[in-house]
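Descriptive analysis of the structure
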Amino acid sequence: DTAVSQTPKYLVTQMGNDKSIKCEQNLGHDTMYWYKQDSKKFLKIMFSYNNKELIINETVPNRFSPKSPDKAHLNLHINSLELGDSAVYFCASSRGLVADTQYFGPGTRLTVL
Amino acid sequence: GQQVMQIPQYQHVQEGEDFTTYCNSSTTLSNIQWYKQRPGGHPVFLIQLVKSGEVKKQKRLTFQFGEAKKNSSLHITATQTTDVGTYFCAGPKGSGGGADGLTFGKGTHLIIQP
């Protein structure tokens, strides 16, 4: 059973479109995250949610809107996609305790044309 | 803000040679974590170091946490082709509350020539 799953794995779309990425974890963790990995493999946190409550919102354009319907799910909706949004987006989860191990999903490779 | 720096960015080695990557934080860390990402894969947790001066080993991998808890290293002895990938260090963001997430170094890409 996959611990952290994401859909879709690949997403190719045109500039200006709106798209969503879904994430689910079956580890019973309280905290979920979205990370962005650029073409140079640099990993940067975007958002974190703890028990459906937004904890971190890094300097991310407001075109990005996370939603957590329950603590096992964290979705990412992106409006008006731009070329610079092309990246791999990783969902992750952790127990939420201090500095706990992060479990990453397989990633969604987003390509904006 | 907190910065985590990692060197080298790339490392080419012949199979069987040793490999080391170094991590430095601009702030004292409550702990440091190491992750490995295979090509096309996702980051996978390797280890967490908590104590000042701590050394941990996993088979051919040796991890160290500096006395000041601001630097760390990962050493691989006698590299194998299965070691190929990007190695990241990461420290707790902010005050270290779990929900704050991690600040990752930029990673060291290990390339092994058979």
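Here the structure is a predicted model, which is why all the values come from computation and not from measurement. (Residues numbered from 1 in each chain as written. Chains lettered and ligands numbered in written order. Predicted model: local features only at pLDDT ≥ 70, side-chain atom pairs only at ≥ 80, totals over all residues. Heavy atoms only, no water.)

**Some words on the nonpolar core**
Side chains of a nonpolar character, in soluble globular proteins, are inclined to be buried together. Under the convention used in this document: Here, nonpolar core means buried Ala, Val, Leu, Ile, Met, Phe, Trp, Tyr and Cys residues that are tied together by side-chain atoms lying within 4.5 Å of each other. Classification of residues uses two cut-offs on accessible area relative to the type maximum, computed with a 1.4 Å probe and protein chains only: under 20% is buried, over 50% is exposed, and between them is partly exposed. Note on conventions: DSSP H or I runs of at least 4 residues are helices, E runs of at least 2 residues are strands, and numbering of each starts at the N terminus.
Grouped together as the largest cluster of nonpolar side chains are 20 residues, with contacts concentrated most on W34, M46, F47, F64, L76, Y89 and L110 of chain A. Mapped by element, the contributors of at least two residues to this core are β3 (19-25), β4 (31-37), β5 (43-50), β8 (73-78), β9 (87-94) and β11 (108-112) of chain A. Core analysis: the next-biggest nonpolar cluster, separate from the first, contains 19 residues, L46, I47, F65 and Y87 of chain B among them.

**Considerations on the interface of chain B and chain A**
In plain terms, the rule: Contact between two residues is taken to exist if any of their heavy atoms lie within 4.5 Å; hydrogens are not considered. Two parts lose some accessible area (1.4 Å probe) when they are put together, and adding that loss for both gives the buried area. Salt-bridge detection follows one rule: a side-chain nitrogen of Lys or Arg within 4 Å of a carboxyl oxygen of Asp or Glu. Under the rule applied, a polar contact is a pair of N or O atoms within 3.5 Å (in protein, one hydrogen donor and one hydrogen acceptor; residues adjacent in sequence only if both atoms are side-chain atoms).
Residue-level contacts link 24 residues of chain B with 26 residues of chain A. Taken together, the two surfaces of chain B and chain A that pack against each other cover about 1900 Å², and 59% of this comes from carbon and sulfur. The tally of links between chain B and chain A comes to zero salt bridges. Scanning the region where chain B abuts chain A turns up three residue pairs in polar contact (both at pLDDT 80 or more). For the side of chain B that touches chain A, the elements supplying multiple residues, two or more each, are β4 (32-37), β5 (44-49), β9 (85-92) and β10 (102-104) of chain B.

**Quick notes on the packing of aromatic side chains**
Describing an aromatic ring pair means giving the distance of the ring centres and the angle of the ring planes. Note the threshold: Any two rings among Phe, Tyr and Trp, with Trp reduced to its six-membered ring, count as a pair given centres within 6.5 Å; such a pair is stacked if its planes are under 30 degrees apart, edge-to-face if over 60, and tilted if neither. To sit over a ring, a charge needs its Lys NZ or Arg CZ within 6 Å of the ring centre and within 35 degrees of the ring normal.
Summed over the entire model, instances satisfying the criterion amount to twelve aromatic pairs over all chains. Taking the centre distance of 6.3 Å and the plane angle of 35° together, the rings of F64 of chain A and Y89 of chain A count as tilted. One end of the pair, F64 of chain A, is in strand β7 (residues 64-70); the other, Y89 of chain A, is in strand β9, and 25 residues separate them in sequence. Assigned by exposure class, F64 of chain A and Y89 of chain A land together as buried. Each ring, one from F90 of chain A and one from F104 of chain A, has its centre 6.1 Å from the other, and the planes form 85°; the classification is edge-to-face. One end of the pair, F90 of chain A, is in strand β9; the other, F104 of chain A, is in strand β10 (residues 103-104), and 14 residues separate them in sequence. Neither F90 of chain A nor F104 of chain A differs from the other in exposure class; each is buried. Among the aromatic side chains, those forming a connected cluster through ring pairs are Y33, Y35, F90 and F104 of chain A together with Y35, F45, F88 and F104 of chain B. For K106 of chain B, the ring lying beneath its charged end belongs to F42 of chain A, and the centroid distance is 5.3 Å.

Just geometry here; none of it tells us what the structure is for.
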